[in-house]
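# Fold and geometry: a report
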Amino acid sequence: MGYDTLDRDARIKLSIGTKQHGEADGQFSNPRSIAFDHHRGLLFVVDGSNCRVQVFSCDDGSFVSKFGEKGNQPGQFYYPWGIAIDHDHDRILVVDSRNQRVQVWSLSDQSFLSCIGQQGPGDLEFFEPRDIAVDKHHHRIIIADSDNNRLVFLSSIDLSFLFSVGKRGFQPGEFRCPSSTAIDHDRHRIIVSDTLNRRVQVLSLIDGSFLFEVSSKGSQGEMIPGGVCIAKQGRIIVADYQNNRLQAFTHEGHHISSFDCGIDSPWAMVFDEHRGLIGFSAGNRVHV
């Protein structure tokens with residue numbers, strides 16, 4: 001393993017950023033989430049420590065635009081983390097983690113629209129939220145409210161509170177820092193990276209009830225999961241932050257394979273079903 005492990009891998013089609021963190025356009029400092037806009041051929045990257053979102057072409061990785069800056073006013077970020085594209089409402093949803101809120105931006109022109117949330121354990125309150133996903137079937141938005149150790153379900157129509165599931169603990173359906181979510185629409189399931197419990201939990205998309213858990217022990221080594229995504233055939237792809245690799249599991253949770261990221265710890269994960277591409281961050285770069 002080494003610095004050039006990913007550069008030498010023929011499966012990598014596109015790499016953005018530099019090995020060292022930076023503030024210039026096209027550079028990152030702790031990229032924490034990625035989203036594909038397949039309608040426009042764009043790749044959105046949440047550039048966490050730089051407190052902004054950068055946008056790139058999916059074709060060649062060229063820089064297109066950026067939005068956001070450091071601060072606590074509407075349209076500003078303080079360590080943004082998760083992102084989701086909501087095509088049905090022509091908007092971008094960004095988890096503004098340390099401002100304890102979710103911001104809504106226009107997908108068409110990347111202008112700021114609104115924000116919801118404040119710090120706390122209440123219905124529309126968050127504590128270090130980290131990820132967000134759109135449930136197209138049930139017109140809901142699901143937020144990984146990490147330090148409240150729960151998932152929060154909102155209406156995608158008006159962003160009103162619906163219900164939450166989970167609490168701090170080790171038992172099924174309980175969490176210790178849920179940090180990433182993905183939705184398996186075909187099987188009506190939510191995949192949750194339960195980071196400090198060193199496992200991935202699979203829940204019902206209907207009511208958030210526990211179904212089963214995925215863990216990687218024994219010969220594969222225990223993982224600390226970061227980002228998760230759902231690929232073809234419902235395969236669960238996990239960024240194993242602890243062991244500098246991506247891990248793939250069947251939709252039933254059986255281990256399939258691993259992908260070595262060299263000395264870089266991966267975090268963000270996304271799957272573009274239209275192009276059959278997996279995007280992930282490792283170190284201060286984003287790879288496809």
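Report follows, based on the coordinates. (Residues numbered from 1 in each chain as written. Predicted model: local features only at pLDDT ≥ 70, side-chain atom pairs only at ≥ 80, totals over all residues. Heavy atoms only, no water.)

Read from one edge to the other, the open sheet built from 4 strands follows the order 16-17-18-19, with strand pairing classed as antiparallel. Each edge of the open sheet carries a strand with a single partner, namely strand 16 (178-184) and strand 19 (210-214). Sheet twist, expressed as the mean angle between neighbouring strand axes with direction ignored, is 20 degrees. As defined by bridge partners, strand 18 (residues 199-204) adjoins strand 19 across 4 bridges and the pair is classed as antiparallel. (Pairing = 2+ DSSP bridges. Helix = DSSP H or I, 4+ residues; strand = E, 2+ residues; numbered from the N terminus. Axes fitted to C-alpha atoms, helices over the stretch in contact; angles between N-to-C directions.)

Okay, the sheet that holds strand 26 (residues 285-287) next. Sheet architecture is open: 4 strands sit in the order 1-26-25-24, paired in antiparallel fashion. Lying at the two open borders of the sheet, with one neighbouring strand each, are strand 1 (15-17) and strand 24 (266-272). Neighbour to neighbour, the strand axes of the sheet diverge by 15 degrees on average, direction disregarded. Sheet topology places strand 25 (residues 277-282) next to strand 26; 3 bridges connect them, and they run antiparallel. From the neighbouring strand, Ala-282 faces strand 26, where its bridge partner is Arg-285.

Here the focus is the packing of aromatic side chains. Evaluation of the coordinates by the stated rule reveals 10 aromatic pairs. Note on Trp-105 and Phe-112: the rings are 5.6 Å apart at their centroids and 80 degrees apart in plane angle, and the pair reads as edge-to-face. Given the relative accessible area of 5%, Trp-105 is considered buried. Chaining the aromatic ring pairs together yields one cluster made of Phe-67, Phe-77, Trp-105 and Phe-112. Geometry around Tyr-79 places Arg-98 over its ring, the cationic atom sitting 4.6 Å from the centre. Against the face of Trp-81 rests Arg-130, its NZ or CZ located 4.3 Å from the ring centre. (Phe/Tyr/Trp six-rings, centres within 6.5 Å; stacked < 30°, edge-to-face > 60°. Buried < 20%, exposed > 50% of the residue type's maximum accessible area, 1.4 Å probe, protein only. Lys NZ or Arg CZ within 6 Å of the ring centre and 35° of its normal.)

Counting residues in each nonpolar core, the largest one holds 15 residues, and the members touching the most others are Phe-44, Val-53, Phe-67, Phe-77, Ile-83, Ile-92 and Val-94. Of all elements in the fold, only strand 3 (42-47), strand 4 (52-57), strand 6 (80-86) and strand 7 (91-96) reach the threshold of two or more residues within this core. In terms of residue count, the dominant contributor to this core is strand 3 (3 residues). Contact partners of Val-94, with chain neighbours within four places excluded, come to Val-53, Phe-67, Phe-77, Pro-80, Gly-82, Ile-83, Arg-101, Val-102, Gln-103 and Trp-105. (Core = buried A, V, L, I, M, F, W, Y, C linked by side-chain atoms within 4.5 Å. Contact = heavy atoms within 4.5 Å.)

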